[in-house]
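Fold and contact review
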Amino acid sequence: MEIVVNGALRALPDELAEPQMPLLWALRDLLGLTGTKFGCGVAACGACTVHVDGQAVRACVTPLASVRGKRVVTIEALGSPGRPHPLQQAWAEHQVPQCGYCQSGMLMAAAALLATRPSPSDAEIDAAITNICRCGTYPRIRAAIRAAAAAR
Amino acid sequence: MKRRTLLLSGLGVAGALVVGWGVMPPRPRLGGVDTLPVVEGEVGLNGWIKIAADGSVLLAMTQSEMGQGVHTALAMLVAEELDVPLARVRLIAPGRDRIYGNVAMFVSSLPLHPAESGPEHGGYLGRSGQWVVAKVARELGISVTGGSSSVVDAWEVLRFAAATARAQLLGAASLAWKQPASELTVSDGVVSHPSGPRAHYGELARTAAATPSGTVRLKPPSEWKLIGNAAPRTDVVAKSDGTALFGMDVRPPGLLFAAIRHCPMLGGSAGTVDVVAAMKLPGVERVVRLGPYAGSTAALAVVGRSNWHARRGAEALVVEWRQRPAGGLDSKAILAALEQRARDADANDGGFVFYSRGKVPPRGDAGGPRSVTQVYRAPYLAHAAMEPINCTARVADGKVEVWVPTQVPGLARALAAEVAGVPLDAVTVHVTYLGGGFGRRLDVDFVGQAVRIAVECGGRPVQLIWSREEDMGHDFYRPAAAAVLRATLGEDGLPSALQITSAGDAITPRWIERGIPGLAGPVDTPDKTTSEGLFDQVYAIPHQRIAHVATRNGVPVGYWRSVGHSHNAFFSESFLDELAHEAKQDPVGYRLALLKDAPRHRAVLLLAAQKAGWPGHGPVRPLPAGRARGVALHESFGSIVAQVVEASIEAGVPRVHRVVCAADVGTVVNPGIVAQQLESAVIFALSAALHGRIDIEAGVVRQTNFPSYPMVRLADAPRIESHLVASSHPPGGVGEIGTPPLAPALANALFVLTGRRLRELPLTV
């Protein structure tokens, strides 16, 4: 099987890449893209959020079969060292991360939101960012999303 | 047993070694030039600091970064004394020397009342106890990140190590240039003399290593450039672009993956296992039977080519699970029994007395002064760190390599060596970033499991990842607790007497048994964590008896962010609020009246009240209809925090809109990180206060994942403000201190809204 990840066509070993294998484990264990995190396995926490054709999806419950022919983008390609995504800059300005484990998913969820709602209201942020952070970075995430939206 | 006897004979956690300390020479914690291994171009100056050829400072980092910002804060201490930019400090792994052991955490495990500890009080008993434990802890050299002790422990040690290195580097320049050291200046790691010569640290290091430091002087606060500033965290970029390496992100070549299924019944075991279906699945390599390791329940592991393949294999195992011989655990029955034990001990003056003064009046004194008696309860709680429990291990050629997000690398090493049957020196432990710890990663059960699995993997590395369900169902839980609180009010409405009798499992003896078995004693010494937040209150209540009944219920219990304070502050600060209402007095004013001799606590409470617009303390902040305020004040880990919560009830559910925190954390190293930690602790405590409960039936934990163990999410997060009281005291703890006051402050606000006093967590209206 082949899937498009971060702009590149990636081949997955046939003996392992079964259609029902969740995208999360293919990214992490077959492709070595460990920026996408495992948190719950039941789409409840959002740590595994990636973009599929621009939409935020939870990779732990997304079968490989469903992303064939679609574009998968992970945290590794949200920005680049020289050109960080505006949200990544806002994350630094607002000193968002603590343990950092949930932040890949938070950033991907926020980036998908801003892509469709460039100036989201508080209610739209509440509705879009349902990921869990045990370090309680929520107030800073809200502030950083607003800052990134304002900066665009 | 009396407290005094305990202190002199038991000395808390380190008691078993007290007898031996006198014959061991005291070891300073500076270390020597050869304590740290060096590669070409590096020069070791002491056990903490090496200088690289380009002048970078390499700092041995003993503390695990789990979100609390310790990698930034400790690097700041060193950068400050060495006059280098923070970015020039690079972190390296420490070796196994005893200088890296955490002394402050062990000292703080002594059950001392504030009147007996603290430099400003100077009680002889307290100081001598602290001195002895410090000596013992230095000998033990146990590296621990916990107890909010990282900066407390490093404060003198790291600044002294850096200042010593600086003095040697200046000495080297002084020798080379034949100029007095007093005329040299340092800027950004470059030493210069007004007459012209200049050199960076890398050019001076080799001579410096052989140059005596002379008298080392720490910078006075007036010269600090970095300490006290909100320097950006050094880990933010890596934690925003996916490159930060957590435990389950390590990818050694040839990596295999392991999934685990514990016996669902806590403490149970596995009987017959049918592996046929599992082994038929593609990508499944082997099944490994796991006994108990460092307190874990027996389990089966399946090794596969990806985590998903391993997990499918684990799900396909057909296992005959066996209940533990003593029968299935039941949390409801345990809580009922705890309440009964507390009531009995309250009636009979039982339990271990952690603090007493004056004389508490007898019960049921009809016709006497007003008295109030109430019972409070708290459930078991899971840690549920975002990164599920995991460990990666390789056992090959008589050597063991472990990659693990842990708060106790030394204990991980010891268990890995034991399980693999190799000497300690054959084990290398790599500590990764921790995707949250909160105390769960003070246990090393999963390290034993991973090494055992790796032994079966023919030299290939294997990464064990617990599912969220295994993580939640096989935690070391915050112990359930119950307490009877009884107060007598005087003519002025203030409490003249306070008796608290609590019951619940002691954590420390169980943790020592499973993590440091060599230190476990034949009997449990009283554990401060059971009564912290109850026996050590500073309120001026003349008659007190604060006791605890330590139980052993069989549920695996562990340290949970703020430990005993997490529920004891709910008991003590909710009860005090009850007394204020009983006396028809303002809750802030009531507390202030009891804090006449506690100026630091007064200042914190007043700051919170003022910033929250509490009536009577500056401009009043009018509240929207349907909202109310509650307040709580609590000291823990050497710091003092007050919180004012603004709450309402929406659709029958409590909602918190705003939390104003005021804190005295002593000298502040990085106010930005302090604010982060206060926010973090508030949200963490709010999840517990609103939702947190672990129920156990027939030995099985009923909560399995976030849908049944819910967390506060962004939409529910309140506005949080943090305000710090300026202080020149040495640093106190930061990471846990904001957790204890939240639940009582919220419960106190809900009382104003409903007139109903909530005495059990989680809070339901």
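Since the structure is predicted, the reported quantities are computational estimates derived from the model, not experimental observations.

1. Observations regarding the nonpolar core
All names here are of chain B. One finds Val-78, Ala-258, Ala-301, Val-402 and Leu-746 to be the most contacted residues of the largest nonpolar core, which totals 297 residues. Top element by residues in this core is helix α7 (residues 150-177). It accounts for 14 residues. Here Ala-258 is in contact with Ala-301, Val-302, Val-303, Ala-310, Ile-453, Val-462, Gln-463 and Leu-464, once residues within four sequence places are set aside.

2. Things to note about the domain arrangement of chain B
All names here are of chain B. Segmenting chain B into domains produces domain 1 (3-223), domain 2 (247-325 + 389-465) and domain 3 (332-381 + 477-754). Just the C-alpha atoms count here: the centres of domain 1 and domain 2 sit 35 Å apart. Residue-level contacts link 9 residues of domain 1 with 12 residues of domain 2.

3. Topic: the domain arrangement of chain A
Residues and elements named next belong to chain A. According to the domain assignment, chain A consists of domain 1 (2-77) and domain 2 (86-151). Between domain 1 and domain 2, the residue contacts involve 15 residues of the former and 12 residues of the latter. Of all the elements in the fold, those that place two or more residues in the side of domain 1 that touches domain 2 are β3 (49-52) and β4 (55-58). Tallied by class, the residues present in the side of domain 1 that touches domain 2 amount to 6 nonpolar, 8 polar and 1 charged.

4. Concerning the packing of helix α2 (residues 86-93) of chain A against helix α3 (residues 103-116) of chain A
Residues and elements named next belong to chain A. Close contact between α2 and α3 brings their axes to 10 Å; oriented N to C, the two are set at 125°. By the angle class used here, α2 and α3 are oblique. Viewed along their axes, α2 and α3 form a crossing whose handedness is right-handed. Contacts between α2 and α3 involve Leu-87, Gln-88 and Trp-91 on the former and, on the latter, Leu-107, Ala-110, Ala-111 and Leu-114. Taken together, the residues of the contact of α2 with α3 sort by class into 6 nonpolar, 1 polar and no charged.

5. Thoughts on the interface of chain B and chain A
On the chain A side, the residues contacting the 53 residues of chain B number 45 residues. Elements represented by at least two residues in the side of chain B that touches chain A include exactly α10 (307-316), α20 (671-691) and β27 (719-724) of chain B. The leading source of residues in the side of chain B that touches chain A is α20(B), at 7 residues. Looking at the side of chain B that touches chain A, its residues break down into 26 nonpolar, 15 polar and 12 charged.

How each quantity is defined
- Residues numbered from 1 in each chain as written.
- Chains lettered and ligands numbered in written order.
- Predicted model: local features only at pLDDT ≥ 70, side-chain atom pairs only at ≥ 80, totals over all residues.
- Core = buried A, V, L, I, M, F, W, Y, C linked by C-beta atoms within 7 Å.
- Buried ≥ 20, exposed ≤ 12 C-beta atoms within 10 Å, placed from the backbone.
- Helix = DSSP H or I, 4+ residues; strand = E, 2+ residues; numbered from the N terminus.
- Contact = placed C-beta atoms within 7 Å.
- Domains from an automatic or database assignment.
- Nonpolar A, V, L, I, M, F, W, Y, C, P; charged D, E, K, R; others polar.
- Axes fitted to C-alpha atoms, helices over the stretch in contact; angles between N-to-C directions.
- Parallel < 35°, antiparallel > 145°, perpendicular 65-115°, else oblique.
- Left-handed = near helix turned anticlockwise from the far one by under 90°.

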